[in-house]
Amino acid sequence: MTHFVPGKRSLHVPGLGHGNTPIPMGARVGNLLCSSGINGLDASTGKLPEDPLAQVKHAFANLQSLLTAGGATLDEVVKLTVYLKDGPGQKAMREAINVEWIACFPDAEDRPARHILIYDLQNGMALQLEVTALVKGA
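This report concerns the structure included in the present document. (Residues numbered from 1 in each chain as written. Predicted model: local features only at pLDDT ≥ 70, side-chain atom pairs only at ≥ 80, totals over all residues. Heavy atoms only, no water.)

1. Regarding the pairing of strand β7 (residues 127-134)
Of the pairings in the sheet, the one linking strand β3 (residues 32-35) to β7 comprises three bridges and is antiparallel in character. Bridging from a neighbouring strand, Cys 34 pairs with Thr 132 of β7. Across two bridges, strand β4 (residues 38-39) lies against β7 in antiparallel orientation. Bridge assignment links Ile 38 to a residue of β7, and that residue is Leu 129. (Pairing = 2+ DSSP bridges. Helix = DSSP H or I, 4+ residues; strand = E, 2+ residues; numbered from the N terminus.)

2. Here's the deal with the environment of Leu 80
Summarising the element assignment, Leu 80 is placed in strand β5 (residues 77-84). On a C-alpha basis, the gap between Leu 80 and Gln 55 in space is 16 Å, while along the polypeptide they are 25 residues apart. Ignoring any residue separated from it by four or fewer positions in sequence, one finds Leu 80 in contact with Phe 60, Leu 63, Trp 101, Ala 113, Arg 114, His 115, Leu 129, Glu 130 and Val 131. (Contact = heavy atoms within 4.5 Å.)

3. Details of the side chain of Asn 62
As for its placement among the helices and strands, Asn 62 is situated in helix α1 (residues 52-69). According to the relative accessible area criterion, Asn 62 is buried, its value standing at 4%. Those residues in contact with Asn 62 that sit more than four places away from it in its chain are Leu 16, Ile 38, Asn 39, Gly 40, Leu 41 and Ala 43. (Buried < 20%, exposed > 50% of the residue type's maximum accessible area, 1.4 Å probe, protein only.)

4. So, the packing of aromatic side chains
Summed over the entire model, instances satisfying the criterion amount to two aromatic pairs. For the pair Tyr 83 and Tyr 119, a centre-to-centre distance of 5.6 Å together with 75 degrees between the ring planes defines the contact as edge-to-face. One end of the pair, Tyr 83, is in strand β5; the other, Tyr 119, is in the loop between β6 (113-118) and β7, and 36 residues separate them in sequence. Taking the centre distance of 4.8 Å and the plane angle of 55 degrees together, the rings of Trp 101 and Phe 105 count as tilted. Per residue, the accessibility class of Trp 101 equals that of Phe 105, and both read buried. Geometry around Trp 101 places Arg 114 over its ring, the cationic atom sitting 4.9 Å from the centre. (Phe/Tyr/Trp six-rings, centres within 6.5 Å; stacked < 30°, edge-to-face > 60°. Lys NZ or Arg CZ within 6 Å of the ring centre and 35° of its normal.)

5. Digging into unusual backbone geometry
One non-glycine residue with positive phi stands out, namely Asn 123, at about 60 degrees. Tracing the sequence through the fold places Asn 123 in the loop between β6 and β7. For Asn 123, a relative accessible area of 74% translates into the label exposed.

Shown next as structure tokens:
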């Protein structure tokens, strides 16, 4: 697992990335951590599952991996934006997102802001996450 290196802005996570594009998984400057699009790629295989519900599980696991790489935890997440592909399975997707959301943020009085947007995701992606976190002790 890659960990935050002071003085470096870009965050990389082994097994995750944006293909051949020169885009890091996220960036950290001081105590501010922002992600690029976090998809539901299976980091162990490097492949995107065809099952949208499996993508949800992987996306939240990938979120946690990025936070760790940036020296942050779920407690430091300020906002999570979810980009969701429109389609017939959207209700099940929202339910699966809520299951992962509650697992990550079980205290209803201590959750970050969240916003879901319908977006025309490409290449088989059912969702993407985008996170903003303020890292404590930075």
